[in-house]
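In case you want the letters, here they are:
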Amino acid sequence: MGSKDKSKDGIDDAVEEYTKYVVYMIELMIANMKASPAPQKFVVLFDLKGFTPSLVFRKDVRLMIRKLIYVAQAQYPERLHKTLLINAPFGFESAWRLIQPLLDEKTAAKIRFANVTSLTEDIDIEALSK
């Protein structure tokens, strides 16, 4: 039985492709950073528009969240400066309470909720799309 046979509805394959995409984008971002004597750090911006707390109960979404946490914590722990969550819908606090225990304390401290106007405190306005 091949690995594709073990994958129910292709969820594992989709999560694997998602993980490869995330790592590719991070590596591309790092490659385009200006050289500096100190290691360069990055800010992750998550736009939660359209997110519903019920998504956390979907297997594919849970696996993607776990993989994203693994990549951030295990592969880029000192590169991650901050993660900003914007447009968090009503009820996201419940989903956040389920996600937050999956993070180590150091990573959890780097995550904060933001609004569009406060983004410029952490991100150069020129780096943002409209």
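Structure: see above.
Just so it is clear, the structure is predicted and the values come from calculations on it, not from any experiment.

Q: What is the right way to look at the layout of surface pockets in this model?
A: Over the atoms, a rolling probe the size of a water molecule traces out where space has been left empty. Estimates place the volume of the largest pocket at around 1,600 Å³. In terms of lining residues, the largest pocket is bounded by 44 residues, among which Val43, Val44, Leu45, Phe46 and Thr83 are the most central. Residue assignment for the lining of the largest pocket shows that the elements contributing at least two residues are α2 (11-31), β1 (42-47), α3 (59-75), β2 (80-86) and α4 (92-99).

Q: Looking at this structure, how should I read the nonpolar core?
A: Residues Phe51, Leu85, Phe92, Trp96, Ile99 and Leu103 are the most contacted members of the largest nonpolar core, which totals 14 residues. When residues in this core are grouped by element, the largest group, 4 residues, is from α4. Not counting residues up to four positions away in its chain, the partners in contact with Phe92 are Leu48, Phe51, Pro53, Leu85 and Phe113. With 7 residues, the next largest nonpolar core counts Ile26, Phe42, Tyr76 and Leu80 among its residues.

Q: What is the right way to read unusual backbone geometry from this model?
A: Across the chain, the bulk of peptide bonds are trans and the bulk of non-glycine residues have phi less than zero. Even without being glycine, Asn87 reaches a positive phi, approximately 55°. The class for Asn87 is partly exposed, based on a relative accessible area of 38%.

Q: For this particular structure, what's the right way to read α2?
A: Each α-helix turn comprises 3.6 residues. Residues three or four places apart therefore point the same way. Here α2 contains 21 residues, and its C-alpha end-to-end distance of 30 Å stays within 8% of the 30 Å for a straight helix at 1.5 Å per residue. Every buried residue of α2 is listed here: Ile11, Val15, Thr19, Val22, Ile26 and Ile30. Seen end-on, α2 carries its buried residues on one side only, within an arc spanning 85°. Across α2 from its buried face, at more than 90 degrees, point the exposed residues Tyr21 and Ala31. Buried residues in α2 make contact with β1 and α3.

Q: Would you take a moment to explain the sheet that holds β2 for this structure?
A: Strand pairing in a sheet takes place through backbone hydrogen bonds and is either antiparallel or parallel in direction. Taken in spatial order, the 3 strands line up as β1-β2-β3 in an open sheet, and their pairing is parallel. With partners counted over all chains shown, the strands left at the sheet margins are β1 and β3 (111-113), one partner each. Each strand axis lies, on average, 20° off the axis of its neighbour in the sheet, ignoring direction.

Q: I'm lost on the environment of Gly10 in this one. Help?
A: If you trace the backbone, Gly10 turns up in the loop between α1 (3-6) and α2. Along the chain, Gly10 and Asp60 lie 50 residues apart, while their C-alpha atoms are 9.6 Å from each other.

Q: Could you clarify how one ought to interpret the packing of aromatic side chains in this entry?
A: Centre distance and the angle of the planes are the two values used to describe a pair of aromatic rings. All chains considered together, the criterion is met by 2 aromatic pairs. Ring plane angle 70° and centroid distance 6.3 Å describe the contact between Phe42 and Tyr76, whose orientation is recorded as edge-to-face. Here Phe42, found in strand β1, pairs with Tyr76, found in the loop between α3 and β2; they are 34 residues apart in sequence, far enough to count as distant. We classify Phe42 as buried; its relative accessible area is 5%. Taking the centre distance of 6.2 Å and the plane angle of 85° together, the rings of Trp96 and Phe113 count as edge-to-face. With Trp96 in helix α4 and Phe113 in strand β3, the pair connects residues that are 17 residues apart, well separated along the chain.

Criteria and thresholds
Residues numbered from 1 in each chain as written. Predicted model: local features only at pLDDT ≥ 70, side-chain atom pairs only at ≥ 80, totals over all residues. Heavy atoms only, no water. 1 Å grid on protein atoms, 1.4 Å probe; cavity = no way out; pocket = protein on both sides within 12 Å on 5 of 7 lines; lining within 4 Å. Points joined across faces, edges and corners; volume = space filled by probe spheres on them. Helix = DSSP H or I, 4+ residues; strand = E, 2+ residues; numbered from the N terminus. Core = buried A, V, L, I, M, F, W, Y, C linked by side-chain atoms within 4.5 Å. Buried < 20%, exposed > 50% of the residue type's maximum accessible area, 1.4 Å probe, protein only. Contact = heavy atoms within 4.5 Å. Expected span 1.5 Å × (residues − 1). Arc of directions from axis to C-beta. Pairing = 2+ DSSP bridges. Axes fitted to C-alpha atoms, helices over the stretch in contact; angles between N-to-C directions. Phe/Tyr/Trp six-rings, centres within 6.5 Å; stacked < 30°, edge-to-face > 60°.

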